[in-house]
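Structural description and commentary
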Amino acid sequence: MEIVKRAIRLMHEGKCIYDQFQLDEDYNVPDVKEDVGNVIEGTVCVKTEDMKLVENYLKISGKALFKILYMTASLDPQPAVLEGKLPFEEMVYVEQPGEEEYFLKNLRTEFSVSMVHSRKLSLHLLTELEIGRTQMISEEVTEDVESEHAVYKKMKKGKPNPENCVTLDLFVISMRRR
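In this text, all values refer to a predicted model and were calculated from it rather than measured experimentally.

Procedures and definitions
Residues numbered from 1 in each chain as written. Predicted model: local features only at pLDDT ≥ 70, side-chain atom pairs only at ≥ 80, totals over all residues. Heavy atoms only, no water. Phe/Tyr/Trp six-rings, centres within 6.5 Å; stacked < 30°, edge-to-face > 60°. Helix = DSSP H or I, 4+ residues; strand = E, 2+ residues; numbered from the N terminus. Buried < 20%, exposed > 50% of the residue type's maximum accessible area, 1.4 Å probe, protein only. Contact = heavy atoms within 4.5 Å. Core = buried A, V, L, I, M, F, W, Y, C linked by side-chain atoms within 4.5 Å.

Okay, the packing of aromatic side chains next. Applying the stated criterion across every chain, the model contains 4 aromatic pairs. Between the aromatic rings of Tyr-27 and Phe-66, the centroid separation amounts to 5.1 Å while the plane-to-plane angle is 90°, which identifies the pairing as edge-to-face. Taken together, the residues Tyr-27 in strand β2 (residues 17-28) and Phe-66 in strand β4 (residues 57-72) connect sequence positions 39 residues apart. Of the two residues examined, Tyr-27 and Phe-66, each falls in the buried class. Through a chain of ring-to-ring contacts, the aromatic side chains of Tyr-27, Phe-66 and Phe-111 assemble into a single cluster.

Set out below in structure tokens:
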């Protein structure tokens, strides 16, 4: 009699980590751009480039790419666009780090721009991160029983439990010899 087992892999999603950070920067208008008369609107796109576990902290680094639409401060005001990037590095505390993989699950930003004077802008960025955790679990489950003799089997599918998402119990009822 031989028990046939099959290897399965499960992705277990753990508790999420939430973090919030701010960037307050003064940004000088490049010499090739005209003076700022008034700011109309600013948009930002936050890109994460790297996530590394360093002891009990998750080090997240990336860039905030921004675009600012403004009116020039000339005799004939014209709309103009100013683009740039702000690098960031954030250390997020992780409770009970293990062999999990971390990924950015959700990101929300608020961006505001105000004028200090015609050649300098004050940029304020508020970013909220939701970081997910996954862990790969590998195990073997019994799939079947093979035998030269007649074997009566009863298979029962169990309810998913938190540790292993699938359980399969195999019961040998009786074995009849010829």
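Right, let's talk about the environment of Ile-17 for a bit. If you trace the backbone, Ile-17 turns up in strand β2. Judged by its relative accessible area of 8%, Ile-17 is buried. On a C-alpha basis, the gap between Ile-17 and Glu-130 in space is 5.8 Å, while along the polypeptide they are 113 residues apart. Excluding anything up to four places from it in sequence, Ile-17 contacts Val-92, Tyr-93, Val-94, Tyr-102, Leu-129, Glu-130, Ile-131 and Arg-133.

Counting residues in each nonpolar core, the largest one holds 28 residues, and the members touching the most others are Phe-66, Leu-121, Leu-123 and Ile-131. Secondary-structure elements contributing two or more residues to this core are β2, β3 (36-54), β4, β5 (79-93), β6 (101-117) and β7 (120-146). Ranked by residue count, the leading element in this core is β4, at 6 residues. Setting aside chain neighbours within four positions, we find Leu-121 in contact with Glu-25, Asp-26, Tyr-27, Val-29, Val-36, Val-39, Ile-68, Leu-82, Val-113, Ser-114, Met-115 and Val-116.

Keep in mind these values describe shape, not function.
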